[in-house]
Amino acid sequence: MSEIVRIVRGERTSSEILSDLDDGRRVIIEVELLGRTMELSIRKRESTYYCDTPMKLMRYESRDGMRTCLERYRLAKREGGEP
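Residues numbered from 1 in each chain as written. Predicted model: local features only at pLDDT ≥ 70, side-chain atom pairs only at ≥ 80, totals over all residues. Heavy atoms only, no water.

Let's talk about the layout of surface pockets
Here is step 1: Looking at the largest pocket, its volume works out to about 250 Å³.
Here is step 2: For the largest pocket, the full set of lining residues is R9, V31, L33, M38, L40, T53, P54, M55, K56, M58, Y73 and L75.
Here is step 3: Counting only elements with at least two residues in the lining of the largest pocket, the list comes to β2 (26-33) and β3 (36-45).
Here is step 4: Across the lining of the largest pocket, the residue classes break down as nine nonpolar, one polar and two charged. (1 Å grid on protein atoms, 1.4 Å probe; cavity = no way out; pocket = protein on both sides within 12 Å on 5 of 7 lines; lining within 4 Å. Points joined across faces, edges and corners; volume = space filled by probe spheres on them. Helix = DSSP H or I, 4+ residues; strand = E, 2+ residues; numbered from the N terminus. Nonpolar A, V, L, I, M, F, W, Y, C, P; charged D, E, K, R; others polar.)

Here is the structure:
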């Protein structure tokens, strides 16, 4: 089983998260939504990146696609800045 890294939304940059994924780690991101805390599981299998949410499984075939997801949903902080 892979090592798990637990973070809160906006704690790390998308580059840092992608490095963890490429090194074989799974990243759990805690997100506050409507007063509730939810966990999103970000992982990579072979060359495909996955984002498991309580409502949906999203797949990305490229590193850039996963980066776009992390930034679009503000899961990662901006490179050199705030989330």
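The discussion continues.
Some remarks on the sheet that holds strand β5 (residues 57-60)
Here is step 1: Read from one edge of the open sheet, five strands run β1-β2-β3-β4-β5, paired in mixed fashion. Of all strands in the sheet, those with a lone pairing partner are β1 (4-8) and β5, marking the two edges. When the angles between neighbouring strand axes are averaged without regard to direction, this sheet yields 20°.
Here is step 2: In this sheet, β5 lies alongside strand β4 (residues 48-52) in antiparallel orientation, the contact comprising four bridges. If you follow Y49 over to β5, its bridge partner there is Y60. (Pairing = 2+ DSSP bridges. Axes fitted to C-alpha atoms, helices over the stretch in contact; angles between N-to-C directions.)

Describing the pairing of β2
Here is step 1: Where β1 and β2 come together, five bridges link them in parallel fashion. Counted as the bridge partner of I7 is I29 from β2.
Here is step 2: The parallel pair β1 and β2 is bridged by helix α1 (residues 14-22), and the resulting crossover is right-handed.
Here is step 3: By the bridge criterion, seven bridges tie β2 to β3 in an arrangement that is antiparallel. Within β3, the position partnered with V31 by the bridge is M38.
Here is step 4: In sequence, β2 turns back onto β3 through a hairpin of two residues, with L34 there showing a positive phi of about 55°. (Right-handed = clockwise from strand over helix to strand, strands pointing away.)

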